[in-house]
Amino acid sequence: MVSLRKFPRITIDLEKCTVPFLCKKCIQICPTAVFSVRSIKEERLKEADPRVDGTYVLSVQRRDKCTVCNRCLEVCPVAALKIEVA
Ligand code: SF4
Ligand code: SF4
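Residues numbered from 1 in each chain as written. Chains lettered and ligands numbered in written order. Predicted model: local features only at pLDDT ≥ 70, side-chain atom pairs only at ≥ 80, totals over all residues.

1. Overview of the overall build of the chain
Within the chain one finds three helices and four strands. Across the chain, helices and strands are ordered from the amino to the carboxyl terminus as β-α-α-β-β-α-β. With respect to the principal axes defined by its C-alpha atoms, the chain has extents near 50 × 30 × 20 Å. Per-residue burial for the chain yields a buried fraction of 14% across its 86 residues. By sequence separation, contacts in the chain at least 24 residues apart represent 70% of the contacts at least 6 residues apart. (Helix = DSSP H or I, 4+ residues; strand = E, 2+ residues; numbered from the N terminus. Buried ≥ 20, exposed ≤ 12 C-beta atoms within 10 Å, placed from the backbone. Contact = placed C-beta atoms within 7 Å.)

2. What about the site of ligand 1?
Neighbouring residues of ligand 1: Ile-29, Cys-30, Thr-32, Val-34, Cys-66, Thr-67, Val-68, Cys-69, Asn-70, Arg-71, Cys-72 and Ile-83. When the residues that make up the shell around ligand 1 are grouped by side-chain class, the tally is eight nonpolar, three polar and one charged. (Near = placed C-beta within 6 Å. Nonpolar A, V, L, I, M, F, W, Y, C, P; charged D, E, K, R; others polar.)

3. Side note on the environment of Pro-50
Mapping Pro-50 onto the fold places it in the loop between strand 2 (35-39) and strand 3 (56-60). In this structure, the C-alpha to C-alpha distance between Pro-50 and Asp-64, residues 14 residues apart in sequence, is 28 Å. Other than its neighbours up to four places away in sequence, Pro-50 contacts Val-19, Phe-21, Leu-22, Thr-55 and Tyr-56.

4. With respect to the site of ligand 2
Of all residues adjacent to ligand 2, which total 14 residues, the nearest are Cys-17, Pro-20, Cys-23, Cys-26 and Cys-76. Elements supplying a minimum of two residues to the shell around ligand 2: helix 1 (20-23) and helix 2 (25-29). When the residues that make up the shell around ligand 2 are grouped by side-chain class, the tally is twelve nonpolar, no polar and two charged.

5. Quick word on the nonpolar core
Cys-17, Cys-26, Val-34, Phe-35, Leu-58, Cys-66, Cys-72, Ala-80 and Leu-81 form the largest nonpolar core, which has nine residues in total. When neighbours within four sequence positions are excluded, Leu-58 is seen to be in contact with Ile-12, Cys-17, Pro-20, Phe-35 and Val-37. (Core = buried A, V, L, I, M, F, W, Y, C linked by C-beta atoms within 7 Å.)

6. Considering unusual backbone geometry
Phi angles above zero are rare outside glycine, and Lys-24 is one such case at about 55°. Assignment of secondary structure puts Lys-24 in the loop between helix 1 and helix 2. One non-glycine residue with positive phi stands out, namely Val-68, at about 55°. When you line up the elements, Val-68 lands in the loop between strand 3 and helix 3 (71-75).

7. Looking at the environment of Arg-63
Assignment of secondary structure puts Arg-63 in the loop between strand 3 and helix 3. Each C-alpha atom, one on Arg-63 and one on Lys-16, is 20 Å from the other, the two residues being 47 residues apart in sequence. Ignoring sequence-local partners within four residues, the contact set of Arg-63 consists of Phe-7, Pro-8, Ile-10 and Val-34.

So this is what it looks like as structure tokens:
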């Protein structure tokens, strides 16, 4: 049977969430592992510095897993997340 449930829309304000690798609060609190963080400025043989703004970026990997528990919204120190249910 095909599910007709629409997945929530999750948006990340990257102007506010600038050092996600250092923060990781939403990643740690999310019970269904919706978010992931990755380096976007990786240089060969050099580790990216997580303290530098924009070195790492947070993204939504599993929007379909979000249960809209809103825990990530509660822990985010800079109110960078928005979740809308269609
Ligand atoms: S609302 Fe809950 S399930 Fe959805 S991304 Fe946030 S913490 Fe994860
Ligand atoms: S809790 Fe907020 S600031 Fe921290 S990584 Fe998540 S979205 Fe970014």
